Amino acid sequence: MSIKVKELAKHYGRQKAVDSISFEAREGKILGFLGPNGAGKSTTMRMITGYLAPTSGNAEINGRPINPKATEVKRDIGYLPENTPLYADMYVREFLSFVGETYKLKNLKSRVAEVIKQVGLEPEQHKKIGMLSKGYKQRVGIAQAIIHNPKVLILDEPTSGLDPNQLADIRLLIKELGKEKTIIISTHIMQEVDAICDDIIIINKGKIVADESLLSLKKKYAPQSLEEIFKKLTNT
């Protein structure tokens, strides 16, 4: 299931947060969406997920437009925002059951158990979310994003603030999910992209400055590192 973004724009008065960008995320591929702070990454993610209406342009999943009113289309999307809204006083299993109920899932109990195992939350499933480490809270965030088994997964800064061990675990989890889902990861961490992404988009000041496979981009600018390439394309 592919995502197509066509001339998508978001303006705040005279400021163009996102300036008429177009790209495609391919089915079964992990797309890294890179850019410096303030480049328009999170704004683009929110428009793609239907949480924010664009000023112009559109985004589609398999030809179906995504917008704040497109309830059925949004069911195909799992979203992990940069600051995951979790309920600290709820237990892990309780919270995931609550999220599953909003999607009216059948066999809810077994689906919650399946997702807990999939994201490695079994040791922490009976704890309150507020008691969890940053890494396990991120796992809860990913679990709520995939509880309804969406075909598309949008992850905004999924490894921000994690220690090296937590980072490796979350990267492995995302790679496993990428085998069966279309995934877009918004990040500014170059090691993240190098480790897990197939394709790459770099956005700067609301405009796309690179859109190709990771391998192709690195070959084009060899022997420069990905970090050097990023700096070259965004330092304007």
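Residues numbered from 1 in each chain as written. Predicted model: local features only at pLDDT ≥ 70, side-chain atom pairs only at ≥ 80, totals over all residues. Heavy atoms only, no water.

1. Overview of helix α3 (residues 92-102)
How we decide: The cut-offs for exposure are 20% and 50% of the maximum accessible area for each residue type, with area from a 1.4 Å probe on protein chains only; residues under the lower value are buried, those over the upper are exposed, and the others partly exposed. A run of DSSP states H or I qualifies as a helix once it reaches four residues; a run of E qualifies as a strand once it reaches two. Both are numbered from the N-terminal end. What the arc covers is the set of directions going from the helix axis to the C-beta atoms. Throughout, a contact is declared for two residues whenever any of their heavy atoms are within 4.5 Å.
For α3, the complete set of buried residues consists of Val-92, Phe-95, Leu-96, Val-99 and Gly-100. Taken down its axis, α3 places every buried residue within 135° of arc, on the same side. In this fold, the buried residues of α3 make contact with α4 (108-118) and α5 (134-146). Backbone geometry just downstream of α3 places Lys-104 in the positive-phi region, at approximately 55°.

2. Structural notes on the sheet that holds strand β5 (residues 64-66)
For clarity, the threshold we go by: At least two bridges found by DSSP between two strands are what make those strands a pair. Lines fitted to C-alpha atoms define the axes, with helix axes restricted to the stretch in contact, and inter-axis angles between N-to-C directions lie between 0 and 180 degrees.
Ordered in space as β2-β1-β4-β5, the four strands form an open sheet in which the pairing is antiparallel. Where the open sheet ends on each side, the last strands, each with one partner, are β2 (15-25) and β5. Strand-to-strand, the axes of this sheet are offset by a mean angle of 30°, without reference to chain direction. Here strand β1 (residues 3-12) runs beside β2; their pairing, made up of seven bridges, is antiparallel. Counterpart to Tyr-12 in the pairing with β2 is Gln-15. Against the sheet, helix α1 (residues 41-48) makes contact with β1, β2, β4 (56-61) and β5, and its axis sits at roughly 120° relative to β1, the strand it touches most.

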